[in-house]
Amino acid sequence: SFGALNGISATSSQTAVLTASAQNTAANLTHQIVVKSLAPTSSQYTDPVTTDTLSDGTFTINLGDGSTHDVQIDSTHNTLDGLVSYINGQDFGVTASVISDANGSRLALVSKTSGDAGNITITGNDTGLAFNSSAEGKNASLTIDGVPVSSATNTVTGAIQGITLNLTSAAPDSVVLLTVGPNTAGAKQAVNDFVSSYNTLIN
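The sections below set out a description of the structure shown in this document. (Residues numbered from 1 in each chain as written. Predicted model: local features only at pLDDT ≥ 70, side-chain atom pairs only at ≥ 80, totals over all residues. Heavy atoms only, no water.)

To continue, consider the environment of N154. Along the chain, N154 turns up in the loop between β12 (147-151) and β13 (155-157). Spatially, the C-alpha atom of N154 lies 6.4 Å from that of A140, the residues being 14 residues apart in sequence. Setting aside anything within four residues of it in sequence, one finds N154 in contact with L38, A39, A140, L165, N166 and L167. Among the polar contacts listed, one links the side chain of N154 to the backbone nitrogen of A39, at a separation of 2.7 Å. (Helix = DSSP H or I, 4+ residues; strand = E, 2+ residues; numbered from the N terminus. Contact = heavy atoms within 4.5 Å. Polar contact = N/O pair within 3.5 Å; in protein donor to acceptor, adjacent residues only side chain to side chain.)

With that out of the way, let us pick up unusual backbone geometry. A positive phi angle, near 55°, is found at D145, a position not held by glycine. One can find D145 in the loop between β11 (140-144) and β12.

Of all hydrophobic cores here, the largest spans 22 residues; its most connected members are L18, I33, L142, I163, L165, L167 and L178. Elements represented by at least two residues in this core include exactly β1 (8-12), β2 (18-22), β3 (30-37), β11, β14 (163-167) and β15 (176-182). Beyond its immediate chain neighbours, meaning those up to four positions away, I163 contacts A10, A20, S21, A22, A26, V156, T157, G158, L178 and V180. (Core = buried A, V, L, I, M, F, W, Y, C linked by side-chain atoms within 4.5 Å. Buried < 20%, exposed > 50% of the residue type's maximum accessible area, 1.4 Å probe, protein only.)

Functional significance is not addressed by these values, which are geometric in nature.
Here is the structure:
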């Protein structure tokens, strides 16, 4: 198609750090990008639970966007499995699960939102569950042509017109060259597809 013939590609010099896709509105330029850090997803986990029945009480899930959610443990959900089902049935902004190993079973909470807005902290805890942070939610940090850019996810759109960046690894000491230009491979494939279709029609 003529769209393929006029297509634009975005080529990364280090695909282990980032890849990119381009729309036809992207300008034919080369950008220098440094990925300082990725945007992890926040998570919390408890110490191993040694009893079958959890103590009644309340803890509060606080998210980085300012929302708070009180979780009350009572007789309707006072086991780990019951607590997980309860939390996942609410709009608390986290996904709960039970993680078990040789040391016992733990409650794990993973934010549904990456970056600063999804960072989990636990407050007002009088349940006997001891929470630990395994990953802090932070925005991805990068520079594009020397300009600092912050992104709540590892998919960065809008920073460069017509370009979507997919961050895959932090490399704060490495400059990635992103070359934006005509998609010659796509144009070649479009021509080959046309020739093949034309020959099939003629035959």
